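Chain residues, written in single-letter form:
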Amino acid sequence: MVNKERLWDQLMELGKIGENTDKKKGLTRLVFTPEEDIAKKLIKEYMVDAGLTVMEDAAGNLIGKRIGKNPDLPVIMLGSHIDTVFRGGKFDGALGVLSAIEVARTLNERDVALDHTLEVVAFTDEEGARFSTGMLGSQAMTGNLDEDILERKDEQGITLKEALADAGYDPDKLTDAERAKGSIAAYLEVHIEQGKVLEKNGLSVGVVTGIAGPRWFRITLRGESGHAGSTPMILRKDPLAAAAEIITHIEDIARKQKNTVATVGQFSVEPGGINIIPEEVSFSLDLRDEDLENRNLAETAIKEKIAAITDKRELDLNLQLLHNLDPVKCDPVLVKLAIEASKKLELPTTKMVSGAGHDSLNLSGIAPIGMIFVRSQKGLSHRPDEWSTQEDCFDGARLLYQTVLNVDRELR
Ligand code: HGY
Ligand code: MN
Ligand code: MN
């Protein structure tokens, strides 16, 4: 079976890269940064140790390959990401990549020859933290690139295009990373749950049946700045007051629908003086639901509120779509094979939906997808204290191993 200690040691070693000197601030490992570079080098080493042939595609996806007995078959692909959010934890993405490498290494150590070629992928920039994008690597691999993605800027005003070039990639060749539909027999991803369902049910692992789709916007409101002391309230066109009104409506609208979630995570004010009425505010909106119809309903209601409030207050409005992935269902055959694997391992599990987004959302456009979740302590994630136990990580990796054997046997 997979090696519990080796997996854990690698998780802890990778988890040191990008760690803030103040450990309470977790780790920040953003795309095309020195920290990510060091992490990719470590993953390459792990992949080589696991007997994988390592390459990078045109989008910087790091790919380890293990040729199968029948190279003409579509590949079995395992993957996740090694970039993090700002002040993130050691498990989001990392557990999926390291579990996949551990599966490959165990197949080697047990001399198991799969029919299918196996590919292990660390996708580029799943989180999109630096450029407010998301899943660049899996977007490129599946022909799903966001329109203006290359023009997106980070906090220093560097465009993704410049960062790609600086990192040695050709920004105009991202589409070379594209894979044909049907070239991947199955895409499987282990990921931490980032929620409380497994903990509530006393389970270490879950089998994912569907994934909510994230839709991201940047909302910019422009009014009139002025003197905080000498401008009567009645004469103001204050975009920050408008934003406050809008954000409470966003929360109300999301609360009204059981599985809808809406988050304003970023907010900026210009010019930002204590005694100046703001001229312009800009804030993000992350809207999700596992059901497309419900997400659309919430989006329409939110946009109506924004229009009414900005009209009433005579403000200029700019609403930019940053990122969009529709909710998807996991492949029922892969769900069945993962459940069968859990039974063979006598690992109790449950079916569940993912509120978080994953590269598998993109892969679902060209291949059947399956996901295995590992319990998150207190359901916490995207925070320094994100944690899963060694035992639970072991359960996730061994369930992935058994599922790969089942998929290799079942799929042609
Ligand atoms: O936003 C997400 O759901 C993922 O963590 N990128
Ligand atoms: Mn994440
Ligand atoms: Mn993730």
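These notes cover the structure that comes with them. One numbering rule holds for all chains: residues counted from 1, following each sequence as written. Each chain gets a letter, beginning with A, and each ligand a number, beginning with 1, in the order they are written. Given that the model is predicted, a residue must reach a pLDDT of at least 70 before its local features are reported, and side-chain atom pairs must reach 80 or more before they are shown or counted; all residues, however, enter totals for whole chains, interfaces and linings. Excluding hydrogens and water, the side-chain figures rest on all heavy atoms present in the structure.

Focus on the overall build of the protein
Selection rule: A helix here means a DSSP run of H or I that spans at least four residues, while a strand means a run of E at least two residues long, and both kinds are numbered starting from the N terminus. The globule rule used for comparison is 2.2 Å times the number of residues to the exponent 0.38, while the radius of gyration itself is calculated over C-alpha atoms. Residue exposure (1.4 Å probe, protein chains only): buried if accessible area is under 20% of the type maximum, exposed if over 50%, otherwise partly exposed. Here, residues are in contact when the closest pair of their heavy atoms is within 4.5 Å. A 1.4 Å probe and the Shrake-Rupley method give the accessible areas. Residues count as covered only by the protein chains that appear here. Asp and Glu count as negative and Lys and Arg as positive, but His and the ends of the chain are not part of the count. The location of each charge is read from NZ of Lys, CZ of Arg, CG of Asp or CD of Glu.
Counting secondary structure elements, the protein contains 11 helices and 16 strands. Here the C-alpha radius of gyration of the protein, 22 Å, is about what a compact globule of 412 residues would show, namely 22 Å. Overall, the protein is about 80 × 45 × 40 Å in size when its C-alpha atoms are taken along their principal axes. The buried share of the protein, reckoned over its 412 residues, is 55%. Taking as baseline every contact in the protein between residues at least 6 positions apart, the subset at least 24 positions apart corresponds to 79%. Carbon and sulfur atoms form 50% of the exposed surface of the protein, whose accessible area is close to 17600 Å². Charged side chains in the protein number 51 positive and 68 negative. The centres of these two groups are separated by 4 Å.

Structural notes on the site of ligand 1
Applied cut-off: Each residue is tested against the molecule or strand, and it is near if at least one of its non-hydrogen atoms lies within 4 Å. Any N or O atom pair separated by 3.5 Å or less is treated as a polar contact, with the protein-specific requirement of one donor-capable and one acceptor-capable atom, and with residues adjacent in sequence counted only for side-chain atom pairs. Here a cavity means grid points, on a 1 Å grid over the protein atoms only, where a 1.4 Å probe fits yet cannot get out; a pocket means an open set of points with protein on both sides within 12 Å along at least five of seven lines; lining residues are those with an atom within 4 Å of a point. Criterion for pocket placement: a molecule counts as inside a cavity or pocket if more than half of its atoms are within 2 Å of its grid points. Amino acids outside the nonpolar list (Ala, Val, Leu, Ile, Met, Phe, Trp, Tyr, Cys, Pro) and the charged list (Asp, Glu, Lys, Arg) are all regarded as polar, and Gly is one of them.
In the vicinity of ligand 1, the contacting residues are E126, E127, R288, A356, G357 and H382. Between R288 and ligand 1, the recorded distance is 2.6 Å, taken from a side-chain N or O atom to an oxygen atom. Calculation on ligand 1 without its partners gives an accessible area of 210 Å², and the protein chains cover 93% of this total. The pocket occupied by ligand 1, as judged from atoms lying within 2 Å of grid points, is the largest pocket. Tallied by class, the residues present in the shell around ligand 1 amount to 1 nonpolar, 2 polar and 3 charged.

Notes on the pairing of strand β5 (residues 184-192)
So the rule is basically this: Following DSSP output, two strands are said to pair if at least two bridges run between them.
Most of β5 sits out of view: 9 of its 9 residues are buried. Two elements, strand β3 (residues 75-81) and β5, share 4 bridges in a ladder whose sense is parallel. Each residue of the ladder has a partner; that of V75, found in β5, is I184. Relative to strand β16 (residues 369-374), β5 runs parallel, the two being bridged by 6 bridges. Among the inter-strand pairings, L188 is bridged to a residue of β16, identified as G370.

Some points on the coordination of the manganese ion (ligand 2)
Spelled out, the test is: Water is not part of the atom set, so a site may look incomplete; the donors themselves are N, O and S atoms within 2.8 Å of the metal, or 3.2 Å for Na, K and Ca.
Those protein atoms acting as donors to the manganese ion (ligand 2) are D92 (OD), E127 (OE) and H382 (NE2), and they sit at 2.1 Å. Along the chain, the residues that donate to the manganese ion (ligand 2) are spaced as D-x34-E-x254-H. Between the manganese ion (ligand 2) and the manganese ion (ligand 3) the interatomic distance comes to 3.4 Å, and D92 is a ligand of both metals. Of the two residues, D92 is situated in the loop between β3 and α3 (94-109) and E127 in the loop between β4 (118-123) and α4 (136-141); the sequence distance between them amounts to 35 residues. Here D92 and E127 have matching classes, each one buried.

Observations regarding helix α9 (residues 332-344)
Filter applied, for reference: A helix is expected to reach a length of 1.5 Å times the quantity of its residues less one.
The end-to-end C-alpha distance of α9 is 18 Å, a good match for the 18 Å that 13 residues give at a rise of 1.5 Å each. Listed as buried for α9 are L334, V335, L337, A338, I339, A341 and S342. Buried positions along α9 lie against β5, β6 (205-211), β15 (351-354), β16 and α11 (390-410). Backbone nitrogen of V333 and a side-chain oxygen of the N-cap are separated by 3.1 Å at the start of α9; the cap is D331. Note on α9: the residue one or two positions beyond its end, E346, has a positive phi of about 50°.

Some details on the pattern of salt bridges
Basically, it comes down to this: By definition here, a salt bridge exists when the distance from a side-chain nitrogen of Lys or Arg to a carboxyl oxygen of Asp or Glu is within 4 Å.
All told, the structure shown has 32 salt bridges when counted by the stated rule. A salt bridge links E279 to R222, with the nearest nitrogen and oxygen atoms 3.4 Å apart. One end of the pair, E279, is in the loop between β11 (276-277) and β12 (280-289); the other, R222, is in strand β7 (residues 213-222), with 57 residues separating them in the sequence. Residue classification places E279 among the partly exposed residues on the basis of a relative accessible area of 29%. Look at the salt bridges and you will find they share partners, linking R6, E102, R105 and E109 into a network.

Examining unusual backbone geometry
Going from E270 to P271, the amide bond is cis rather than trans, its omega being -5°. Among the structural elements, P271 can be located in the loop between β10 (267-270) and β11. Phi is positive for R87, which is not a glycine, with a value near 55°. Within the secondary structure layout, R87 lies in the loop between β3 and α3. The phi torsion at Q194 lies on the positive side, around 65°, for a residue other than glycine. Using a relative accessible area of 18% as the deciding quantity, one classes Q194 as buried.

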